[in-house]
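Coordinate analysis (summary)
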Amino acid sequence: MATTYNNLCLDIRKRFRAAGVESAQLEARELLCYAAEKSRQQFFKDMQLYVSAEVEERAEELVQRRLKGEPVAYIVGEWEFYGMPLDISPEVLVPRMDTELLAERAILAARAAGEGARVLDLCCGSGCVGLAVAANAPDCRVTLADWSDGALKVAKQNIRRSDLSARVISVRANAKEPPASALGEFDVIACNPPYIPTGDIAGLDATVRDYEPHLALDGGEDGLDFYRAITARWMNALRPGGTLLFEVGIRQAGDVEKLMAEAEFQNIASFQDTGGVWRVVEGSAAAAEEEG
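Position labels on residues start from 1 in each chain and follow its written sequence. Confidence filtering applies because this is a predicted model: local features only for residues at pLDDT of at least 70, side-chain atom pairs given and counted only at 80 or more, and all residues used for totals across whole chains, interfaces and linings. Note that water and hydrogens are dropped before the side-chain values are worked out from all heavy atoms of the structure.

1. Points about the pairing of strand 4 (residues 141–146)
What counts, and what does not: When a residue's accessible area, from a 1.4 Å probe over protein chains only, is under 20% of the maximum for its type it is buried; when over 50% it is exposed; and in between it is partly exposed. What counts as a helix is a DSSP run of H or I of at least four residues, what counts as a strand is a run of E of at least two, and both are numbered from the N terminus. Place the viewer so that the strands point away; then a crossover is right-handed whenever the path from the first strand over the helix to the second strand goes clockwise. One bridge is not enough; two strands pair if DSSP finds at least two bridges between them.
Counting buried positions along strand 4 gives 5 out of 6 residues, so the element sits mostly inside the fold. A crossover links strand 3 (residues 118–122) with its parallel partner strand 4, the connecting element being helix 7 (residues 128–136), and its sense is right-handed. Bridge analysis of strand 4 against strand 5 (residues 168–172) gives 5 bridges, and the strand direction is parallel. Among the inter-strand pairings, D146 is bridged to a residue of strand 5, identified as R172.

Structure (structure tokens):
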């Protein structure tokens, strides 16, 4: 029986809600746009038009994949972060709303650092944080760094897609090891590292556990391995007075604040996301001493 785009979208949304999909309306729309090869603008314009049998069949195949647990971002190959559409693949985590707080704090730090500020997105994955900074702090230059070749491939695609090649580069770097001197110094380092304790990964939601890259999830026995390494080994990559910002997991903010204090960071503070979780911890390197 023929149906309109609007009615088919409502039906998919209903099925997703029944399956416990949190963003049922958004995901229903994204899947249907992808199945019909329509932009969002085209979709909204065509909502009262009837769906062809071919599009309806393709949409059903995509819905079945989603109901089996595959994230929509991997199905359609893109997702939006901080208002920017980005390429996404199973080599990188799906950007989440929670991480927009890290981007927001990094943008503020980059703007405060002034013209010519250098920003590093460490453990960059898709490059979402660093690209958001570059787009919203146009006087800065950004480096995206990750250890995964697959992640760097996606990050490079997103640099081009965002038309930011003039101010953003990508490099391979291991966050657990001291940085190469060739990287230079940065005014801002923003990092969303792997922070899930190894033993907790098996209990994650299947959409994360079975599809997202464990390399980007596993933070070691207590989830803090990357925070220890970065606070201890990356201080030399920060200019005096520079800012280090971390995204952290639930109930990790206090531990990360302590690690930063032990590494002699100053002005350490934590910030809550929209869900009330202490999600970002930041601190600054000691300022250069004035010569008397």
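2. Re the sheet that holds strand 7 (residues 238–247)
Inclusion rule: Angles shown run from 0 to 180 degrees and are taken between the N-to-C directions of axes, each axis being a line fitted to C-alpha atoms and, for helices, limited to the stretch in contact. Whether two residues touch is decided by their heavy atoms; if any such pair falls within 4.5 Å, the residues are in contact.
Within the open sheet, the 7 strands sit side by side as 5-4-3-6-7-9-8. Their pairing is mixed. Edge positions in the sheet fall to strand 5 and strand 8 (266–272), since each has one partner strand and no second. Going from strand to strand, the sheet's axes swing by 15 degrees on average, the running direction of each strand aside. Pairing analysis gives 5 bridges linking strand 3 to strand 4, with the strands arranged parallel. Among the inter-strand pairings, V119 is bridged to a residue of strand 4, identified as V142. Lying over the sheet, helix 6 (residues 100–113) contacts strand 3, strand 6 (186–191), strand 7, strand 8 and strand 9 (278–284), oriented at roughly 180 degrees with respect to strand 6.

3. Remarks on the layout of surface pockets
Counted only if it meets this: Of the two site types, the cavity is a set of points on a 1 Å grid over the protein atoms alone where a 1.4 Å probe fits but cannot get out, and the pocket is an open set with protein on both sides within 12 Å along at least five of seven lines, each lined by residues with an atom within 4 Å of a point. Grid points are joined across faces, edges and corners, and a volume is the space filled by probe spheres set on the points. For this classification, the nonpolar set comprises Ala, Val, Leu, Ile, Met, Phe, Trp, Tyr, Cys and Pro, the charged set comprises Asp, Glu, Lys and Arg, and every other residue, Gly included, is treated as polar.
By volume, the second largest pocket amounts to about 200 Å³. What lines the second largest pocket is simply E30, C33, Y34, K38, S39, R40, Q41, V76 and E78. Every element with two or more residues in the lining of the second largest pocket is listed here: helix 2 (24–36) and helix 3 (40–45). When residues in the lining of the second largest pocket are grouped by element, the largest group, 3 residues, is from helix 2. Residue composition of the lining of the second largest pocket, by class: 3 nonpolar, 2 polar and 4 charged.

4. Section: helix 4 (residues 53–67)
Defined as follows: Residue count minus one, scaled by 1.5 Å, sets the expected span of a helix. Arc definition: it is the arc formed by the directions from the helix axis to the C-beta atoms.
Taking 1.5 Å as the rise per residue, helix 4 with 15 residues should run 21 Å; its terminal C-alpha atoms sit 21 Å apart, in good agreement. Those residues of helix 4 that sit buried are V55, A59, L62, V63 and R66. Along the axis of helix 4, the buried residues cluster in a sector spanning 105 degrees; they form a single face. Along helix 4, exposed side chains directed more than 90 degrees from the buried face belong to A53, E54 and E57. Summarising the contacts, the buried residues of helix 4 are in contact with helix 1 (5–18), helix 2, helix 5 (72–76) and helix 9 (206–209). With its phi angle positive at about 120 degrees, G69 sits one or two positions after the end of helix 4.

5. Some details on the pattern of salt bridges
Condition: Counted as salt bridges are all cases of a side-chain nitrogen of Lys or Arg within 4 Å of a carboxyl oxygen of Asp or Glu.
One pass over the structure, following the stated rule, counts 20 salt bridges. In this structure, a network of salt bridges that share partners links the residues R29, E30, R40 and E80.

6. Observations concerning the packing of helix 1 against helix 2
The test is simple: In this scheme, roughly parallel covers angles under 35 degrees and roughly antiparallel covers those over 145, while 65 to 115 is roughly perpendicular and the rest are oblique. Here a crossing is called left-handed whenever its near helix is offset anticlockwise from the far helix by less than a right angle, and right-handed whenever the offset is clockwise.
Two elements in contact, helix 1 and helix 2, have axes whose closest approach is 8 Å; the angle formed by their N-to-C orientations is 130 degrees. Taken together, the axes of helix 1 and helix 2 lie oblique to each other. With respect to the hand of their crossing, helix 1 and helix 2 are arranged in right-handed fashion. Within the contact between the two elements, helix 1 uses Y5, L8, C9, I12, R13, F16 and R17 and helix 2 uses A24, Q25, E27, A28, R29, L31, L32 and A36. Considered class by class, the residues forming the contact of helix 1 with helix 2 number 10 nonpolar, 1 polar and 4 charged.

7. A look at helix 1
Taking 1.5 Å per residue, 14 residues should reach 20 Å; helix 1 reaches 20 Å between its end C-alpha atoms and fits that length. Buried within helix 1 we find Y5, N6, L8, C9, I12 and F16. The buried side chains of helix 1 occupy one side of the element, clustering within an arc of 165 degrees when seen end-on. Turned more than 90 degrees away from the buried face of helix 1, the exposed residues are K14, R17 and A18. Where the residues of helix 1 are buried, they touch helix 2, helix 3 and helix 4.

Function-wise, these values are silent; they only describe arrangement.
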